[in-house]
Amino acid sequence: MPTESPSPPETGARAGGLRWQSLSVRLVVAFMSLAGLALAVALVATTQAVEEAAEEKIRGDLARTLKNFQQLSQATQDRIRYVADAHARDRTFLDVALTVNSDDSAAGLDDGDAEFEGIQSAHDVIISADTEVFGGGDKPEQRTRAWAFFNVRKRLVFSRGDDEQVGSTVDGVPLLDRALHGEFASELWSPDYLRSLPFTFVPKKCTENNKEECIREDDLLLVHAHLATTSGGENSLERPARRPIGVVLTGRWVKELLLKPSPEQGTSGAEFQSDGARFALRVGSALTTSDDVSAEVRAKLAESDFTATEPRRVTTSDGLYLVREAVFQDVKSEADIGRVFVMRNLDAEIKPIIDRFLAGLWPKAVGVVVLAFVLAVLLARRLSAPLVQLEAAARQVRLGSLDVEVPVQGTDEVGRLTGAFNEMVAGLRQRDQIHGLFKRYLNPQVVDELIRNPEKAAPGGERRELTVLFSDLVGFTSMSEEMSPEALVEVLNGYFERATEVLGQHGATLDKFIGDAIMCFWNAPLPQEDHAARACLTALRLVAVVDMLAPELEARGIGRLHCRIGINTGPGVVGNIGSRAAQDYTVIGDTVNLASRLEGAAKVYGTRILVSEETVVAARGTVLTRELDLLRVKGRQLPVRVYELVDVAGATPPAHLSRFAKGLALYRARRFVEAREAFLSSPEDPPSRIFAARCETLSAQPPPEDWDGVFSLETK
């Protein structure tokens, strides 16, 4: 008994179910991937927006902080100038200062000794005094860290840095020179510059007793120079005008004065707000900073060439800093005396904001992912259902059923896919019908073209350059009288079988069989650039086929068969010609008519293959030909130059070809007697014999003067 096997529908349903599951999973994965990607992009974009907003706020804070710092600096310099000016007007200080200027003739201080004695006397007074004028005070923060006094000759009267220095002349200090010219000047002095001074302004060595006054390696000294003058007024007639009596230098460390602002410093009209910024002040390569600036940042600020236009980013091991800078100016002369930097750590300030933002966002993101998963599952099921139907229908089509039609649900992509599937099945049914109708009558290439383009099965055609061939058997009529119809059909079928094989090998489109004749063409429906060469080679092979049949026919007692062929190249209309009920894929036009006329004209010249000049030119030297005549066929006014197709290119030309060419030239030159002799030299050549007879006639009856050498063929 035969074993039972599962029916195809059950197997298909089971496979379809598995595929449905696979498709659903892939759709869910795709949807979730898209949702995850969208969520990730949203997170990145939102985080970036938060970072940009925070950074923009920090930029604004830095600009405001820098402005407050500059206001503080201006107020501080104004306060120091005011205090220095008040001290310089103190009576005790004026008395001391007047004793040290040798240009006061009334005081008897014109000579150097007297001047030194005055300086020494004033020096002793300053050392012994303990007043605020000479840097004293009850509290350490009230004491001036550094100060010195010079007379108008730039001789040192007193320096707090070394209270034993007295009397030396100081040169090479531009700040002192500027003050002697009447300017209230300020400068930032670095530790290296303090060491290079020709006098001790700040103790160079630090001890237990001078920790607050000695040179600080990590700080800058803000130094002010003030010109001290005598009391009096320029516009008073009672009192003499003021005149300079010396210069006072005062200095305060920047960290104490500006980088650690105290409430007292804000009383000058500048309310200092740091907003958590860190500070740095630079002169040359020397730098001082607030205490919370790391050594790595200090090194970058000291080495970098910053500009004051836009904030810069400085990357360090403890984070990314945003740094803004400005010019540190002398409030009186507005001269640049250094650069001021304000900075904030972006990473340290923005990261907590981002952490808080993400902490609140993650629960919402998880909820979005869960909702997206549920929607993805529902959508995947809805999309896969019609696809399962399409799969089942495709299996039926694969098994040969072309009556399948899937219901179209909706107008979306799946609905359009279903409609396209139904159209495809309808097209397959139509192609099956076309193939069944035409496969026995047309070349397989034509059938394939009609299947690819069913619209070409409708009546109509297109214009193309074609090569058309007509072939006819010579002697077939007499042979049909000698043979029975059955034997005749057998012989004819054998010839057509071999002939169509040759046509197929050379890509010909078989148009029709006309009795014992064959009509075929090239370059349609498929394009063929070498269509003329293919036609010529086909003609030579058809002649060979007839020659091969001759011994078989002779063995049956039938006369020898020959064939005549005409070939022409030119434009024609090719397509399905006829009605919807009856039509042929064929070619029509003057090109076809001339090819048929040339097949008949071959008999006149005693040749087998006659081709037009257009075909010879289009064949591009692939065959050996000889020019025969200028021929005017029936139905055409213009003559055509015709050639005999002799052999393939490269073959040895027969000797009579050159003699015929010589005779043809004499014939067209109206030298008929000489031409006849040339033609008679090739008695084995049929065209030569025909032209010799024509020359004999023309010699007896010369043509008119306007004779053009054209031979008119009035019959086929």
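Residues numbered from 1 in each chain as written. Predicted model: local features only at pLDDT ≥ 70, side-chain atom pairs only at ≥ 80, totals over all residues. Heavy atoms only, no water.

A. Up close: the overall build of the chain. Along its length, the chain carries 18 helices and 19 strands. By residue count, 43% of the 716 residues in the chain fall in the buried class. Long-range contacts, defined as pairs at least 24 residues apart, comprise 66% of the intrachain contacts of the chain with a sequence gap of at least 6. Summing over all exposed atoms, the chain offers an accessible surface of approximately 37400 Å²; the carbon and sulfur share of this is 54%. (Helix = DSSP H or I, 4+ residues; strand = E, 2+ residues; numbered from the N terminus. Buried < 20%, exposed > 50% of the residue type's maximum accessible area, 1.4 Å probe, protein only. Contact = heavy atoms within 4.5 Å. Areas by Shrake-Rupley, 256 points an atom, 1.4 Å probe, with all protein chains shown as cover.)

B. Region of the structure containing the pairing of strand 1 (residues 146–150). Where burial is concerned, most of strand 1 is hidden: five out of the five residues are buried. The alternating pattern of strand 1 places A146, A148 and F150 and W147 and F149 on opposite faces, both of which are buried. Judged from the five bridges that link them, strand 1 and strand 5 (residues 244–253) form a sheet pairing that is antiparallel. Counted as the bridge partner of W147 is T250 from strand 5. With three bridges joining them, strand 1 and strand 2 (residues 156–159) adopt antiparallel strand pairing. Following the sheet pairing, F149 is matched in strand 2 by F158. The hairpin formed by strand 1 and strand 2 contains five residues between the paired strands, and K154 there has a positive phi angle of roughly 65 degrees. (Pairing = 2+ DSSP bridges.)

C. View of unusual backbone geometry. Between A524 and P525 the backbone carries a cis peptide bond, its omega angle lying at 0 degrees. If you check the backbone angles, R670 has positive phi at about 65 degrees while not being a glycine. Looking at the secondary structure, you find R670 in the loop between helix 16 (656–668) and helix 17 (672–680). On the basis of relative accessibility, which here comes to 31%, the residue R670 falls in the partly exposed class.

D. Summary view of the pattern of salt bridges. Going through the model one piece at a time under the given rule, you end up with 28 salt bridges. Residue D547 pairs with R608 through a salt bridge whose shortest N-O separation is 3.0 Å. A residue pair is termed long-range when its members are at least 10 positions apart, and D547 in helix 13 (residues 531–555) and R608 in the loop between helix 14 (590–605) and strand 16 (609–612) qualify at 61 residues. Residue R608 is classed as partly exposed on the basis of its relative accessible area, which comes to 28%. As a salt-bridge pair, R641 and E627 come within 2.5 Å of each other at their nearest N and O atoms. Of the two residues, R641 is situated in strand 18 (residues 640–648) and E627 in strand 17 (residues 623–632); the sequence distance between them amounts to 14 residues. A relative accessible area of 25% places R641 in the partly exposed class. In the salt-bridge network here, residues are joined through shared partners; they are K57, D61, R64 and R344. (Salt bridge = Lys/Arg side-chain N within 4 Å of Asp/Glu carboxyl O.)

E. Up close: the sheet that holds strand 1. Read from one edge to the other, the open sheet built from five strands follows the order 2-1-5-4-3, with strand pairing classed as antiparallel. Either end of the sheet is taken by a strand with one partner, and the two such strands are strand 2 and strand 3 (185–189). The mean inter-strand angle of the sheet, taken between neighbouring strand axes irrespective of direction, is 20 degrees. (Axes fitted to C-alpha atoms, helices over the stretch in contact; angles between N-to-C directions.)

F. Highlighting the packing of helix 12 (residues 485–505) against helix 13. It is the contact of helix 12 with helix 13, at a shortest axis distance of 10 Å, that shows an interaxial angle of 155 degrees. With respect to helix 13, the element helix 12 is oriented roughly antiparallel. Two packed elements cross with a definite hand, and for helix 12 against helix 13 that hand is right-handed. Between helix 12 and helix 13, the residues in contact are V491, Y495, R498, A499, V502, L503 and Q505 and T538, R541, L542, V545, V546, M548, L549, E552 and L553, respectively. (Parallel < 35°, antiparallel > 145°, perpendicular 65-115°, else oblique. Left-handed = near helix turned anticlockwise from the far one by under 90°.)

G. Quick look at a negative patch on the surface. Taken together, E51, E52, E296, D318 and D347 make up a surface patch of like negative charges. Following the sequence through the fold, D318 ends up in the loop between strand 8 (312–316) and strand 9 (319–329). (Patch = residues over 30% accessible without salt bridge, like charges linked within 9 Å, V, L, I, M, F, W, Y side chains within 5 Å. Lys, Arg positive; Asp, Glu negative; His and termini not counted. Charge placed at Lys NZ, Arg CZ, Asp CG, Glu CD.)

H. Quick peek at the packing of aromatic side chains. What the rule picks out here adds up to 17 aromatic pairs. Note on Y667 and F672: the rings are 6.0 Å apart at their centroids and 70 degrees apart in plane angle, and the pair reads as edge-to-face. For the pair shown, Y667 and F672 are each scored as buried. Between the aromatic rings of Y667 and F691, the centroid separation amounts to 5.4 Å while the plane-to-plane angle is 85 degrees, which identifies the pairing as edge-to-face. Of this pair, Y667 sits in helix 16 while F691 is found in helix 18 (residues 686–700), placing the two residues 24 residues apart along the sequence. (Phe/Tyr/Trp six-rings, centres within 6.5 Å; stacked < 30°, edge-to-face > 60°.)

I. Layout of helix 17. Taken together, the buried positions of helix 17 are occupied by F672, A675, A678 and F679. All buried residues of helix 17 lie within an arc of 120 degrees about the axis, which places them on one face of the element. At its buried positions, helix 17 is contacted by helix 16 and helix 18. (Arc of directions from axis to C-beta.)

J. Quick peek at the sheet that holds strand 9. Here we have five strands laid out as an open sheet, ordered 7-6-10-9-8, and antiparallel in their pairing. Edge positions in the open sheet fall to strand 7 (286–289) and strand 8, since each of these has one partner strand only. The mean inter-strand angle of the sheet, taken between neighbouring strand axes irrespective of direction, is 30 degrees. As paired strands, strand 9 and strand 10 (residues 336–345) are joined by nine bridges and run antiparallel to one another. Residue pairing for strand 10: Y321 is matched across the bridge by N345.

K. Representation of the confidence of the model for the chain within the structure. Per-residue confidence for the chain gives a mean pLDDT of 80, with 83% of residues at or over 70. The element-level mean pLDDT for the chain is lowest in helix 10 (residues 444–452), coming to 69, with strand 16 highest at 98. Every residue in residues 233–237 scores below 50 in pLDDT, and together they form four contacts with partners more than four places removed in sequence or on other chains. Counted against residues more than four places away or in other chains, residues 263–271, with its pLDDT under 50, gives 13 contacts. (pLDDT = per-residue confidence, 0-100.)

L. The arrangement of a nonpolar patch on the surface in detail. On the surface, a cluster of nonpolar side chains totalling about 660 Å² of accessible area is made up of V366, V370, L371, F373, V374, L375 and L378. Within the fold, F373 resides in helix 8 (residues 346–398).

M. Summary view of the nonpolar core. Grouped together as the largest cluster of nonpolar side chains are 41 residues, with contacts concentrated most on L469, M479, Y495, I565, I567, I609 and L645. Mapped onto this core, the elements with two or more residues apiece are strand 11 (460–474), helix 11 (476–482), helix 12, strand 13 (517–522), helix 13, strand 14 (562–578), strand 16 and strand 18. Counting residues per element, this core draws most heavily on helix 13, which supplies 11 residues. Counting residues in hydrophobic clusters, the runner-up holds 28 residues, among them L66, L188, F279 and A286. (Core = buried A, V, L, I, M, F, W, Y, C linked by side-chain atoms within 4.5 Å.)

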